[in-house]
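Below, each chain spelled out in residue letters.
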Amino acid sequence: MREILILGRGGQGAQTAGNLLARAFFEQGQYVQTFATYGGARRGTPVVSSLRADDKPIRVRSNIELASGLLCFDDSLLDANFLRSANKDSIIVVNTSKPHAAFAGLGDFRIVPVDGKAIARRNDMGKVVNSALLGAFVAMLKQPDFEIMCDVIKETAPAKKSENVASCKDAYDATLKNFGGV
Amino acid sequence: MNKMPNSLQLLSGNHAVSWAARLCKPDVAPLYPITPQTPILEKITEFHAAGAMKTELLTPESEHSAMSACISASLTGARVFTATSSQGLLLMHELLHYAVGARTAIVMFNVNRTPASPWGFWPDQLDSLAQRDTGWIQLYSETPQESLDTVIQSFVLSEKLNLPCMINHDAFYVSHSVEPVDVPDQGLVDGFLPPFAPEHMLDTNVGSSFGAPIDQATWNRSRKEMAAANDLVCDEITKIGREWGALTGRSYEPLEKYRCDDAEVVVVTMGSMCGTAREAIDDLRNQGIQAGLLKVRLFRPLPKQALQDALRGIPCAIVLDRNYSPGTGGILHQELKSVMYGQENAPKIHGLLAGVGGLNVSAENIRDWVKKYQKAKVEPESQWVE
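This structure is a prediction, so every number in the text was calculated from the model and none was measured.

Caption draft 1: Representation of the pairing of strand β1 (residues 8-12) of chain B. Residue and element names in this part refer to chain B. In terms of burial, β1 is largely enclosed, as 4 of its 5 residues are buried. Two elements, β1 and strand β8 (residues 178-182), share 5 bridges in a ladder whose sense is antiparallel. Bridge pairing links L10 to P180 in β8.

Structure follows, in structure tokens:
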């Protein structure tokens, strides 16, 4: 079973990203379970989206304690507490304008910095970063199938469909180029 | 490319409930939003706006008013659905008694959430368990699919027995869990759920009164009639669950026994924790421990005979309560001790306060507790384990 965590602040799109990623795994024939938990029920407070994908129906209904993939929408949330759900093999993609070296102090983790905001801006997506972050995340996870991910984004985006897909592809290509061997 | 059956949709537990409501075509749905129930209301209003639901939606100023509207509508012979959670359910409390006494057939969905204070949004079943003496039928669901299926079955049950029914699922672990759900055809549901045709209803052409002041003996008789109706619930829900199974391949019982044959130790619990417990039971079996799960789906009326039959002869039962009744302990623990009182070959019954306030309960936790408590001396009080 694959277990993934997405952390963001209310309103940033972490819950939506979890749902889109789940839909892509589902579309390629896997059973999925994704749920978001939030303490504040208001914009700006931390939201965690949990995702499980497996070849068989998923029965367990508890928190994910160790994720193989973690996506962080806000570098101010990437701390020791969040990293308790990761180990040195987990892939951690973080939305940040900071360089890779800025995260060295957090310990022995595979942290992949992605400037989601810059990618979103240059694709006419303003501050909406979730398509870009999904592109980067899928590039590093090598799952789900990238074409399916793009189809899901195209199908579900409420507006700017082609810009969303372009942002996703841009981030996917840039991340593969910069961190494909990480 | 998708190998999944075409009838499966990705739905959250709450949206699965909205779909069930849509398929049952209620005449009236008074609704008031509350986290984490709100997505049920939102999806219903979307269906309504799109013309897919012809229901009369009422959005009154509180849950108390919502339940008042439910009662009045049900007594006119309308099919009624509503949904709430936690504080909202607690605000309805006065009218929950009224709804049963008036023998309405309301179907209500409750999302189990911690009651304040302190404020929280976490899965905990105290909100609905605190309503256990009102007389509402209470069912607890493990999955979004079960929530959808149970709403549909509950309309059949409630409208046949004139008893309102409350279906519950846990906040987040079920309410917000998006997963593949089979949404049955409208035609299948239309065939399964007959029209609501109560024997008595408010009718401006007929001079009769509901809820009028009565003498002591009449109040007493109303409770005996309620008791008689309650006696029918367990058999009726078994029949309905099996009929649903014949149509959909998904059969339901008041209790579910998972790997209980030959079990030396049985975990007893309700709601989302059952899924995690199944993983734990399989792991324990792989380690050579003869463990099983007894899932309590119908909590009110308590299926006493079925519980006694399921637990008799099993050496050890471990109850996991995601609730805490101050001064008493875990509510399911108390109920099981009472049901097994005086029974021959009753198990020793441990009560564990597990996941109270929404604390995470992992399969590993359950495995550890089973190993520890199977050998432990029984305490009469429920034990805090986290």
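Caption draft 2: Spotlight on the nonpolar core. Among the nonpolar cores identified, the biggest contains 70 residues, and M67(B), F81(B), W136(B), V151(B) and I152(B) are the most heavily contacted of them. Not counting residues within four places of it along the chain, the set of residues in contact with F81(B) comprises V17(B), A21(B), P26(B), V28(B), A29(B), P30(B), I40(B), I44(B), V107(B), F109(B), V151(B) and F155(B). Within the second largest apolar cluster, 46 residues are counted, among which are I6(A), F26(A), A139(A) and L141(A).

Caption draft 3: Region of the structure containing the packing of helix α10 (residues 273-286) of chain B against helix α13 (residues 363-374) of chain B. Residue and element names in this part refer to chain B. Orientation of α10 relative to α13, taken along the N-to-C sense of each, is 60°, at an axis distance of 8 Å. The pairing of α10 with α13 is recorded here as oblique in orientation. In terms of crossing hand, the pair formed by α10 and α13 is right-handed. Contact residues: M273, T276, A277, E279, A280, D283 and L284 in α10; A363, I366, R367, V370 and K371 in α13.

Caption draft 4: Broad picture of helix α11 (residues 304-311) of chain B. Residue and element names in this part refer to chain B. Among the residues making up α11, those that are buried are L307, Q308, A310 and L311. The buried residues of α11 occupy one face: seen down the axis, they fall within an arc of 165°. Lining the buried residues of α11 we find β9 (255-258), β10 (265-269), β11 (291-296), β13 (316-321) and α12 (331-340). Count one or two residues on from α11 and you reach G313, which has phi positive near 90°.

Calculation rules
- Residues numbered from 1 in each chain as written.
- Chains lettered and ligands numbered in written order.
- Predicted model: local features only at pLDDT ≥ 70, side-chain atom pairs only at ≥ 80, totals over all residues.
- Heavy atoms only, no water.
- Buried < 20%, exposed > 50% of the residue type's maximum accessible area, 1.4 Å probe, protein only.
- Helix = DSSP H or I, 4+ residues; strand = E, 2+ residues; numbered from the N terminus.
- Pairing = 2+ DSSP bridges.
- Core = buried A, V, L, I, M, F, W, Y, C linked by side-chain atoms within 4.5 Å.
- Contact = heavy atoms within 4.5 Å.
- Axes fitted to C-alpha atoms, helices over the stretch in contact; angles between N-to-C directions.
- Parallel < 35°, antiparallel > 145°, perpendicular 65-115°, else oblique.
- Left-handed = near helix turned anticlockwise from the far one by under 90°.
- Arc of directions from axis to C-beta.

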